[in-house]
Each structure stands twice: as C-alpha cells, then as structure tokens.
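Okay, here's what each chain looks like letter by letter:
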Amino acid sequence: MSNLHTLSVQEIITGLANKDFSSLELTNHLLNRIDSLDKDINSFITVTADLAKEQAKLADELRAKGDSRPLLGVPMAHKDIFCTQGVLTTCGSKMLYNFVSPYNATIVENIANAGMISLGKLNMDEFAMGSDNEKSYYGAVHNPWDLERVPGGSSGGSAAAVAAGFVPVATGSDTGGSIRQPASFCGLTGIKPTYGRVSRFGMIAYASSFDQAGAFGRSALDCACLLQAMSGYDPKDSTSVNKEVPDWLGELDKVSGDKPLAGLRVGVPQEYFGTGLNADVKAKIEDALKVYQDLGATLVYVHLTDPQITLATYYLLAPAEASSNLSRFDGVRYGYRCENPKDLHDLYTRSRSEGFGAEVQRRIIMGTYALSAGYFDAYYVKAQKVRRLILNDFLKAFETCDIIATPTAPTVAYKLGENLSPAEIYMGDVYTIGVNLAGLPSLSHPVGFVGGLPVGLQLIGKHWAESELLKTAHVYQANTKFHQEMADLVK
Ligand code: GLN
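Residues numbered from 1 in each chain as written. Predicted model: local features only at pLDDT ≥ 70, side-chain atom pairs only at ≥ 80, totals over all residues. Heavy atoms only, no water.

1. A few points about the overall build of the protein chain
A tally of helices and strands in the protein chain yields 16 helices and eleven strands. Against the compact-globule benchmark of 23 Å for 491 residues, the protein chain has a radius of gyration of 21 Å, which places it among compact chains. Along the longest, intermediate and shortest principal axes, the C-alpha atoms of the protein chain span 65 × 55 × 45 Å. For the protein chain, the residues scored as buried account for 60% of the 491 residues in total. (Helix = DSSP H or I, 4+ residues; strand = E, 2+ residues; numbered from the N terminus. Rg over C-alpha atoms; globule rule 2.2 N^0.38 Å. Buried < 20%, exposed > 50% of the residue type's maximum accessible area, 1.4 Å probe, protein only.)

2. Brief notes about the packing of helix α10 (residues 307-325) against helix α13 (residues 376-397)
When two helices pack together, their arrangement is captured by the angle between the axes and the distance separating the axes. One can describe the packing of α10 onto α13 by two numbers: an axis separation of 9 Å at closest approach and a directional angle of 130°. Regarding the angle of α10 to α13, the classification is oblique. The crossing of α10 and α13 is left-handed. Residues Ile309, Thr310, Thr313, Leu316, Leu317, Ala320 and Glu321 of α10 form the contact with α13, whose own contacting residues are Tyr379, Tyr380, Ala383, Gln384, Val386, Arg387 and Ile390. Looking at the contact of α10 with α13 residue by residue, the classes come out as nine nonpolar, three polar and two charged. (Axes fitted to C-alpha atoms, helices over the stretch in contact; angles between N-to-C directions. Parallel < 35°, antiparallel > 145°, perpendicular 65-115°, else oblique. Left-handed = near helix turned anticlockwise from the far one by under 90°. Contact = heavy atoms within 4.5 Å. Nonpolar A, V, L, I, M, F, W, Y, C, P; charged D, E, K, R; others polar.)

3. Structural notes on the UniProt feature "active site" (unreviewed entry) in the protein chain
Within the UniProt annotation, "active site" (unreviewed entry) is assigned to Lys79, Ser154 and Ser178. Spanning 100 residues, the named residues form one tight spatial group whose C-alpha atoms are at most 11.0 Å apart. Take lysine 79: it is sitting in strand β2 (residues 75-79). Here lysine 79 falls in the buried class, since its relative accessible area comes to 0%. Among residues more than four places away in sequence, those in contact with lysine 79 are Lys121, Leu122, Met124, Ala128, Ser154, Ser155, Ser158, Thr171, Gly172, Ser173 and Ser178. Its location among the elements puts serine 154 in the loop between β3 (117-122) and α5 (156-163). Not counting the four nearest positions on each side in its chain, serine 154 is found in contact with Lys79, Asn123, Met124, Asp125, Ala128, Met129, Gly130, Asn133 and Ser178. (UniProt positions renumbered as here; feature names shortened; annotations may be inferred.)

4. A look at the pattern of salt bridges
The full count for this structure, using the stated rule, is 15 salt bridges. Note that arginine 69 and aspartate 67 form a salt bridge whose closest N and O atoms lie 2.8 Å from each other. The partner of arginine 350 in a salt bridge is glutamate 354, with the nearest N and O atoms 3.3 Å apart. With a gap of four residues between them, arginine 350 and glutamate 354 both fall in helix α11 (residues 344-355), about one helical turn apart. Take arginine 350: its relative accessible area is 25%, and that puts it in the partly exposed class. Each member of the salt-bridge network shares a partner with another, and the members are Asp346, Arg350 and Glu354. (Salt bridge = Lys/Arg side-chain N within 4 Å of Asp/Glu carboxyl O.)

5. Remarks on the pairing of strand β9 (residues 403-407)
Most of β9 is tucked away: five of the five residues are buried. Note that strand β7 (residues 265-269) and β9 share two bridges and pair parallel. Bridge pairing links glycine 267 to isoleucine 404 in β9. The sheet contact formed by β9 and strand β11 (residues 453-461) spans five bridges and is antiparallel. Across the sheet, the residue bridging to proline 407 is leucine 457, located in β11. (Pairing = 2+ DSSP bridges.)

6. Points about the pairing of strand β10 (residues 442-450)
Counted residue by residue, β10 has eight buried out of nine residues, so it is predominantly covered. Two strands pair when backbone bridges link them, and strand β5 (residues 189-192) and β10 are joined in this way by three bridges, in the antiparallel orientation. The residue bridging glycine 190 from the neighbouring strand is serine 444, located in β10. Taken together, β10 and the strand that follows it, β11, pair antiparallel across an intervening segment of two residues, in which glycine 451 is found at a positive phi of about 60°.

7. Things to note about the side chain of threonine 472
Position of threonine 472 relative to the elements: it lies in helix α16 (residues 466-478). For threonine 472, the residues in contact, after removing those within four places along its chain, are Leu261, Leu264, Tyr292, Ile403 and Leu459.

8. Considerations on the packing of helix α4 (residues 106-113) against helix α7 (residues 220-230)
At a minimum axis distance of 7 Å, the contact between α4 and α7 shows a crossing angle of 110°. With respect to their mutual orientation, α4 and α7 come out roughly perpendicular. Residues Ile107, Asn110 and Ile111 of α4 form the contact with α7, whose participating residues are Leu226, Ala229 and Met230. When grouped by side-chain class, the residues that make up the contact of α4 with α7 number five nonpolar, one polar and no charged.

9. Description of the site of the ligand
Neighbouring residues of the ligand: 15 residues in total, closest Thr175, Gly176, Ser178, Tyr314 and Arg363. Between the ligand and the protein, one listed contact pairs an oxygen atom with a side-chain N or O atom of arginine 363 at 2.7 Å. Surface burial for the ligand is 100%, taken as the share of its 290 Å² of free accessible area covered by protein chains. In terms of residue class, the shell around the ligand is built from five nonpolar, seven polar and three charged. (Near = heavy atom within 4 Å. Polar contact = N/O pair within 3.5 Å; in protein donor to acceptor, adjacent residues only side chain to side chain. Areas by Shrake-Rupley, 256 points an atom, 1.4 Å probe, with all protein chains shown as cover.)

10. Looking at the UniProt feature "domain: Amidase" (unreviewed entry) in the protein chain
Within this numbering scheme, the UniProt entry marks residues 25-470 as carrying the feature "domain: Amidase" (unreviewed entry). As annotated, residues 25-470 comprises 38% helix and 14% strand, and the C-alpha atoms at either end are separated by 31 Å.

11. A closer look at helix α12 (residues 358-371)
Taking 1.5 Å per residue, 14 residues should reach 20 Å; α12 reaches 20 Å between its end C-alpha atoms and fits that length. Along α12, the positions that sit buried rather than exposed are Glu359, Val360, Arg363, Ile364, Gly367 and Ala370. Down the axis, α12 shows its buried residues gathered within 135° of arc, on one side only. Across from the buried face of α12, at angles greater than 90 degrees, the exposed residues are Ala358 and Ile365. (Expected span 1.5 Å × (residues − 1). Arc of directions from axis to C-beta.)

12. Let's talk about the nonpolar core
Membership of the largest hydrophobic core comes to 148 residues, with the highest contact counts inside it found for Leu71, Leu119, Phe127, Met230, Phe394, Leu457 and Leu470. Membership of the second largest hydrophobic core comes to seven residues, among which are Ala409, Ala413, Tyr414 and Ile425. (Core = buried A, V, L, I, M, F, W, Y, C linked by side-chain atoms within 4.5 Å.)

13. Topic: the environment of serine 467
Structurally, serine 467 can be placed in helix α16. Apart from residues no more than four positions distant in its own chain, serine 467 is found in contact with Pro246, Trp248 and Glu251. Separated by 2.7 Å, the side chains of serine 467 and glutamate 251 make a polar contact.

Here's what the structure looks like:
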C-alpha cells in the first residue's frame, strides 16, 4: 500500500488487525518518507529508526501471539521536551545538545506501554518558548502547507510531522497555546487537557503551573486515541490529579442522531473577536459557528477578561516561573559547558549566555526582574491576583454555556524570517493563553482555509470536560471535510 501515511489511527488499527500491512511495513514506509522529505521540513531533531524498527517487529510478533492492546504497533513521535531514556532530549536548545536522559517521562512510558512505536524526537522552540518554531537551536521548522511559512510553535515539529504524513499522531506540550496554535497553522486537531490530567514528570519544565502535555492528530478521534494512552494519575507529579480518565473513544462512538449537538450551549466571547482578528479568519470562525448551530447547538454571548490583560498576565508569570526553572542549567551538572572558564562566575555566565538563545535569555531576564525584591509585589503578586480574576471570568461564563468557541489565532501561518518583534509574536498567543492561566482543557480543530492556509477554531471546556471538547469537534468533523484536507506533499 502506498497511502499508508494518510491513514488515521483507527484505519491503522483495522489494517493491522486484518493483516493488510504489518507494523514493520508501516514503520518502514514512514521512516522512508521522513528520510526523503524531512530535509525540507526539519520536523525531527532525532529519528530513532533502528529502535522503531525493532519495536515494530516486536509489536508484530506480540500481535501474532494474541496481544490485543488496540494501539499495539501504531507509530507516533514525541516533542523533544519529553525525556526519553537512552535517546537525546534537547528541548530545542544548545544547552541540552548532549543530554541523553537516564529515565523516561511518564507519558513516554505510558505510550510505550500501550504498544505504540516512537519514530523519534520532534523539533520545537527552545525550552518551549515561542510561537513560530524559529527559536530552535536545531533550525526553523517549515509548514508542510507552504514551506516558506512557519508551522507555529512551540510544538511546531509535532504539528509539521503530522501534517507532512510522517506520523499519524504526536505528543506536544502547551503552556500558553503551543499545541493549539500550531494545530491551527498546520490544519490539525490538537488538544491540551485540563491541568493535572496528564503527568508532567519527565517533561522539561518551562512554567510549571501552566505546562500540560497533550496530543496532535488529524481528527478529534485520533487525538482521543493518543490522549487516552497518555493520561492518568502519576504519584511522581505532585500536581497530577487522581481522577478517573473517561473512555473518550467509547464516548465518541456513542455520538449519533440528526442534531447531535442538541442542547449544547456554545459561549461566544465578543472580546475574542475584536480588532486584532484577521477579517477572513473571523469569517471562517463564524461559518463554523453556523455549522454548530445546524447540528443543534445554541450560541450564547458571554464575557471573558480582555485578552490583552490576559496576555500581559501570562507574559509576566510564565517568564517568572521560567527564570526559576531554568536556573538548574548552570553548566555544572549536565548540558552545555563553556570552554576554558576563568573562574566559577565565568563558568556560570558564559555557559548560560552561550547555551541559551536570545528568546530564552529575554524571558529569564524578564522573569528575574518581576521576582526581584522591590518588584515582587508590584508585578508578580499583582499578576497572580489578576490570574484569579481571569479564572473567575471563565467560571462565570460557564454558568450560561457548556463550552466556549473562539478563534485559535488571530491570523493564519505567517512567513518564515518575517522578523516580527517579540511583542508582535506574543500578540499571536492572545486567544490561547487564558486557558492556561485558568488550567482549563482546550482543543483546536480546522474550520477552513484562507489563501490556501488552514484556520483553526478553539474550543474551551470546563475543568475535566475533555469529553465535551472531543465530542463537539468529532460531531463537526463527522459533518464536514476540512480535517481531511492534506498538504500537497502528503497526496
Ligand atoms: N507562545 C507561548 C510562549 O512563547 C506559548 C508557548 C507554549 O505553550 N509552550 O510562551
């Protein structure tokens, strides 16, 4: 079969069960594609071809012996923020250019236990700070829909690899939009679960009170498959919540009827449709809202905190946490160390200024400033209070609606090398970061194209309501075709 790279996870599961192809054949097919096409996309930092072939062979043997794990032998790949035992884990940084993790992140372990095959580690903005994947030490990632454009970030490698047909699904992390925005730019579905749903153990920390791992796929169904394998309580992460994980796939299976969204109240916050939003993107979002209505949903107008305030709050608190988290990279214990340090002070300063890129240094400086004596109350404590008010606004909105719909990003993917200022790039996160400040689950799904480039709609759920997000997107996808469109290089 020559179209193996276009199959959904469900189709792969069926194909493997029917012996239409083996996991090894599928894995080889995908590895060959990566080999011939990824030089133009740069989505992988490390391809673990030998390991993947070994695992695929083993999966085929286990299947033949009656192992019935549904995801056994299904390929995927990990964002390079997740520690993988014995495999390079760079976090997109020169600082970790030689870091081979001695242990697996919990999600890496969970996904391997489900029988999935990892093809390698995906490119990303350095330490997950960025929105365009131009901030990687390992080079920019190119958007498969238009190689001159950014794939979004920071999980740009994950999004590009799925959109290029290298893997059906991939992991990502989302601290302020890093799954949803690249999903939007690359025509994919991407879900960031509720804070606490997925373990952060072994995920290199950026801003710990925001960071959450999640999944990319072509559809809500594919995302549900990967998220199911990742999720669950982990005593190794003190913020992991001991709560039963629903059977998301089972729930999606049950969706039926002529008006499957009947009774669903979709909240539309006018603050998220203001001046910064590209008019063509806005029109696509409005079209999608009409589809929701046709499928039985009711639109309700709700208020959320002005996203400009949300943006300022995030860009104060996230760098503050980052400045503290990144202090561990000191050139002494592991990672990059400068040549010939004169003394200890020189070792610290040069290792950090040579090992970190400009954006990471900017965030460390901003964060350290906000936390410093004299400014702590004025900036950090104040922003924490605003964070609570932002959550309150979401909770208030959810008194009159079940789910909130907004644009995922104000524009479609922009050109690589446009040299936007940091502030202009931060503006691109304006609709996604509120969710992280409030710890809510959120999903982006494709709703059309502007100038041949994908547009994503963001759904935001109540805490722990991943089911509602997946179901709503699934119903939309069962009745539309946007998620089935693929970039030319996939066809
Ligand atoms: N673009 C945002 C930032 O640069 C979000 C990043 C993320 O979610 N990891 O901080």
